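Coordinates in review
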Amino acid sequence: MEVLVAPADSSTSSWEHHLPFAAPPDNVAPATTTRSSTAAGICSSGVKHFIASSSLPPLTPPPAAAAADEASSSSCYGQFGDEASEAGELPWTGRSTRSRYGGGAGDLEWRRRGPGAAASSDPSRSWPPGVLRGRSGAGEVGGRGRGQRRGGPIGGKLRRWKAASKRSFRFISYVCRGNGRPAREQSLAIRLILTNWSDGLELGLGGDELYREILRDETVLRLKELGKISDGEGFLERTFLSPASIRATDVIISWMKDAGLTTWIDQMGNIHGRYEPSNSTDKALLIGSHMDTVIDAGMYDGALGIICAISALKVLKLTGKLERLTRPVEVIAFSDEEGVRFQTTFLGSAAVAGTLPESILQVSDKSGNTVQDVLKLNSFEATATALGQVKYSPESVGSYVEVHLEQGPVLEALGYPLGVVQGIAGQTRLKVIVDGSQGHAGTVPMKLRRDPMVAAAELVVTLESLCKDPSRFLTYDEECGCFTEESLAGLVCTVGELLTWPSASNVIPGQVNFTVDIRAMDDVVRETIVSSFSRIVMQRCDDRLVDCAVEHKHSAAATPCDPELTTQLERATRSAVWAMAPPGNGVHRRAESTPVLMSGAGHDAMAMARLTKVGMVFVRCRGGVSHSPEEHVAEDDVWAAGLALLRFVVAEL
């Protein structure tokens, strides 16, 4: 709730932001929601509506107020309903309306009219007895140094409040006394942004209500801490069940426990942190992302989604809301999504979704170690039975949500920190093996060579042409129902790795291997490109008298996100961004709605879509750069992502 102090002589004929059942009293002159040139303040509470007035006589402050510190302190008292009570005390600090306001802390207790008070003839103005309590945050009264010489914001932000009922209050007058000066009365006007009134969790404007210390400051520190846990020297590399991955597991578990979650590690190395309400039979909300990285990675890919989720649940724990959840909520840090070590993506999430085949246990890495070998080395059972135990039943899961950096430039171009994902492009990964004749670089004539390197180079360039200008290789015609320009949009192909043997400067290679990554929004287009490229590989290899093979390493269909879940996430992201960027402050460019994007990158949500409905939130990254040490997300965008996820969880559960 934002409280803006208006001049005592302000007048207007309009009322703003009052509830349908809360009408202004007959003897009260309304006040506008305007900033004053003399003073301004921000307060927060769970009250639905205040009626502000300057028409009643000022409340005489208690004697204790006269003893306020002459140098810096003031005490403010409120008159509520027809009563005047010291229970309205909210200490704050400040020298005068022309100086910067300092920090402070205090308790705020607002009492509603008790049963002995005269009942109004209007039922809408009759309130049951009760007490509203809250505590302001130390150092937050004063608006974090935003106070200006005239009209700077001040205020106390409540961390938690409780009320016995959901009726409105009337805040009739607000009186301040400080520095030994006479009390002065200010009229107030209220603007409220409140999420989920019935749950009593205030998420309005102001400092503590946005939980900056946890959702931004602590989250960023944890991202940096996790980004230092690496198998590489001087760069970030953390692959499936590597030594760095094991160290990171211990750290993530400690964070999950700090958030009040029960933790365990499954037979595929996934880390789980869950809150299970007593006697709950509802389906669980799963929130997750991956803890592994590419080689020479940035610190946000995957880790951002994990830590934001943990931070959001930690806020619920600290506000007393976690134990009031009616549905289970679980954070999962998946052990492998990138597929760097075994060239097979989604080892962690596919195991949870139950789509990982038993044959995966026999897949080898570059060192010849199989998945089964690596699991056994880390004390996992590494059997088909153990793999089956990782699978979740669809009946136990209600939805899966993932927060991830965008890995593209769209949000930055739009000037918006968050976006929601409509769907994820389908993806195919191939490994092309080209075998030739190994020989001496100086003695084998050019016309007699069977050089796999030259053949591989030609194939790489051919792949680029195929994906840049597919019309040269494919036939599409709108009338015949074949490929359209629209269906080919978003097609991308990449060769990311090329290996030679024996890889010596004076030796004609005997074998060259390279990887191919093909992605498209249209699955038919992607499959056709894969088929066409495989056919071209065989033709070119025959022309060059080398032997070729194309191995399919991974394939995933395009994944649409659940429309209802996407709408809920869109609402949460918009609410979070607007709360952080009230009109006129210039922090973010405000939009009518959150941007809706398609994802060209694969995510764990693709695998989890085989288990349950999925939704995703994208976070703006600088320059659209990812899979690089230059990967960067602004601290306030990290904050926005955590706040959006928190608001989604509160509304969902």
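These notes cover the structure that comes with them. (Residues numbered from 1 in each chain as written. Predicted model: local features only at pLDDT ≥ 70, side-chain atom pairs only at ≥ 80, totals over all residues. Heavy atoms only, no water.)

In this section: the overall build of the protein chain. Looking only at helices and strands, the protein chain features 14 helices and 27 strands. For the protein chain, the residues scored as buried account for 56% of the 653 residues in total. Contacts spanning at least 24 positions in sequence make up 76% of the contacts within the protein chain whose residues lie at least 6 apart. Entry remark: accessible area of the protein chain is about 27500 Å², with carbon and sulfur atoms responsible for 51%. (Helix = DSSP H or I, 4+ residues; strand = E, 2+ residues; numbered from the N terminus. Buried < 20%, exposed > 50% of the residue type's maximum accessible area, 1.4 Å probe, protein only. Contact = heavy atoms within 4.5 Å. Areas by Shrake-Rupley, 256 points an atom, 1.4 Å probe, with all protein chains shown as cover.)

We now examine the packing of helix H2 (residues 212–227) against helix H4 (residues 303–318). Put simply, H2 and H4 touch, their axes get as near as 10 Å, and they point 140° apart. Put simply, H2 runs oblique to H4. Read as a crossing pair, H2 and H4 show a hand that is right-handed. In contact with Ile214, Leu215, Glu218, Thr219, Arg222, Leu223 and Leu226 of H2, H4 contributes Ala303, Leu304, Ile307, Cys308, Ile310, Ser311, Ala312, Lys314, Val315 and Leu318. Counted by class, the contact of H2 with H4 contains twelve nonpolar, two polar and three charged residues. (Axes fitted to C-alpha atoms, helices over the stretch in contact; angles between N-to-C directions. Parallel < 35°, antiparallel > 145°, perpendicular 65-115°, else oblique. Left-handed = near helix turned anticlockwise from the far one by under 90°. Nonpolar A, V, L, I, M, F, W, Y, C, P; charged D, E, K, R; others polar.)

According to the stated counting rule, one finds two disulfides in the structure shown. Within the protein chain, bonded cysteines paired by disulfides and numbered along the sequence follow the pattern 1-2, 3-4. (Disulfide = S-S within 2.5 Å.)

Further remarks concern the pairing of strand E23 (residues 511–520). Within E23, nine of the ten residues are buried, which leaves the element mostly enclosed by the surrounding structure. Direction of pairing for strand E18 (residues 426–435) relative to E23: antiparallel, over a ladder of ten bridges. Across the sheet, residue Arg429 finds its bridge partner in E23, namely Asp517. Here strand E20 (residues 492–494) runs beside E23; their pairing, made up of three bridges, is antiparallel. Its bridge partner being in E23, Val492 is matched across the sheet by Arg519. Relative to E23, strand E21 (residues 498–501) runs antiparallel, the two being bridged by four bridges. Following the sheet pairing, Leu499 is matched in E23 by Asn513. (Pairing = 2+ DSSP bridges.)

With 17 residues, helix H9 (residues 452–468) extends 24 Å between its outermost C-alpha atoms, agreeing within 8% with the 24 Å of an ideal straight helix rising 1.5 Å per residue. Taken together, the buried positions of H9 are Pro452, Ala455, Ala456, Leu459, Thr462, Leu463, Leu466 and Cys467. Down the axis of H9, the buried set is contained in an arc of 125°. They therefore lie on one face. For H9, the elements touching its buried residues are E18, E20, E23 and helix H11 (523–543). Of the residues that open H9, the one with a side-chain oxygen 2.9 Å from the backbone nitrogen of Met453 is Asp451. (Expected span 1.5 Å × (residues − 1). Arc of directions from axis to C-beta. Polar contact = N/O pair within 3.5 Å; in protein donor to acceptor, adjacent residues only side chain to side chain.)

This paragraph deals with unusual backbone geometry. With an omega of 5°, the peptide bond between Trp501 and Pro502 qualifies as cis. Looking at the secondary structure, you find Pro502 in the loop between E21 and strand E22 (507–508). The residue Ala382 is not glycine, and still its phi comes out positive at about 60°. Structurally, Ala382 can be placed in the loop between helix H6 (371–377) and helix H7 (384–390). We classify Ala382 as buried; its relative accessible area is 3%. At Leu545, a residue that is not glycine, the phi angle is positive and equals roughly 60°. Tracing the chain through its elements places Leu545 in the loop between H11 and strand E24 (547–556). Exposure remark for Leu545: the relative accessible area of 59% places this residue in the exposed category.

The next point concerns the pattern of salt bridges. Proximity of charged atoms lets side chains of opposite charge pair with each other. Counted according to the given criterion, the structure contains 21 salt bridges. Here Arg620 and Asp637 are joined by a salt bridge, their closest N and O atoms 2.8 Å apart. Highlighted residues: Arg620 in the loop between strand E27 (614–619) and helix H14 (635–652) and Asp637 in helix H14, separated in sequence by 17 residues. Neither residue differs from the other here; Arg620 and Asp637 are each classed as buried. (Salt bridge = Lys/Arg side-chain N within 4 Å of Asp/Glu carboxyl O.)

Among the six residues that make up strand E15 (residues 329–334), six are buried, leaving the element largely enclosed by the rest of the structure. Neither face of E15 is open: one carries Val329, Val331 and Ala333, the other Glu330, Ile332 and Phe334, and all of them are buried. Note: strand E13 (residues 271–275) against E15, five bridges, orientation antiparallel. Following the sheet pairing, Ile271 is matched in E15 by Ala333. With six bridges connecting them, strand E14 (residues 284–290) and E15 associate as parallel partners. Residue pairing in the sheet places Gly288 in a bridge with Ile332 of E15. Read from E14 through H4 to E15, the crossover connection turns out right-handed. (Right-handed = clockwise from strand over helix to strand, strands pointing away.)

Here the focus is the packing of aromatic side chains. Tallying each qualifying case throughout the model produces two aromatic pairs. Here Phe240 and Phe342 contribute two aromatic rings whose centre-to-centre distance is 6.1 Å and whose plane-to-plane angle is 75°, an arrangement assigned as edge-to-face. On the criterion of sequence distance, the pair formed by Phe240 in the loop between H2 and helix H3 (243–258) and Phe342 in the loop between E15 and helix H5 (347–353) is long-range, its members being 102 residues apart. Take Phe240 and Phe342: they sit in the same class, and that class is buried. Look at Phe334 and Tyr400: their rings are 6.2 Å apart centre to centre, the planes differ by 50°, and that puts the pair in the tilted class. With Phe334 in strand E15 and Tyr400 in strand E16 (residues 397–405), the pair connects residues that are 66 residues apart, well separated along the chain. For the pair Phe334 and Tyr400, one class covers both residues: buried. (Phe/Tyr/Trp six-rings, centres within 6.5 Å; stacked < 30°, edge-to-face > 60°.)

Coordinates in, geometry out; function isn't part of it.
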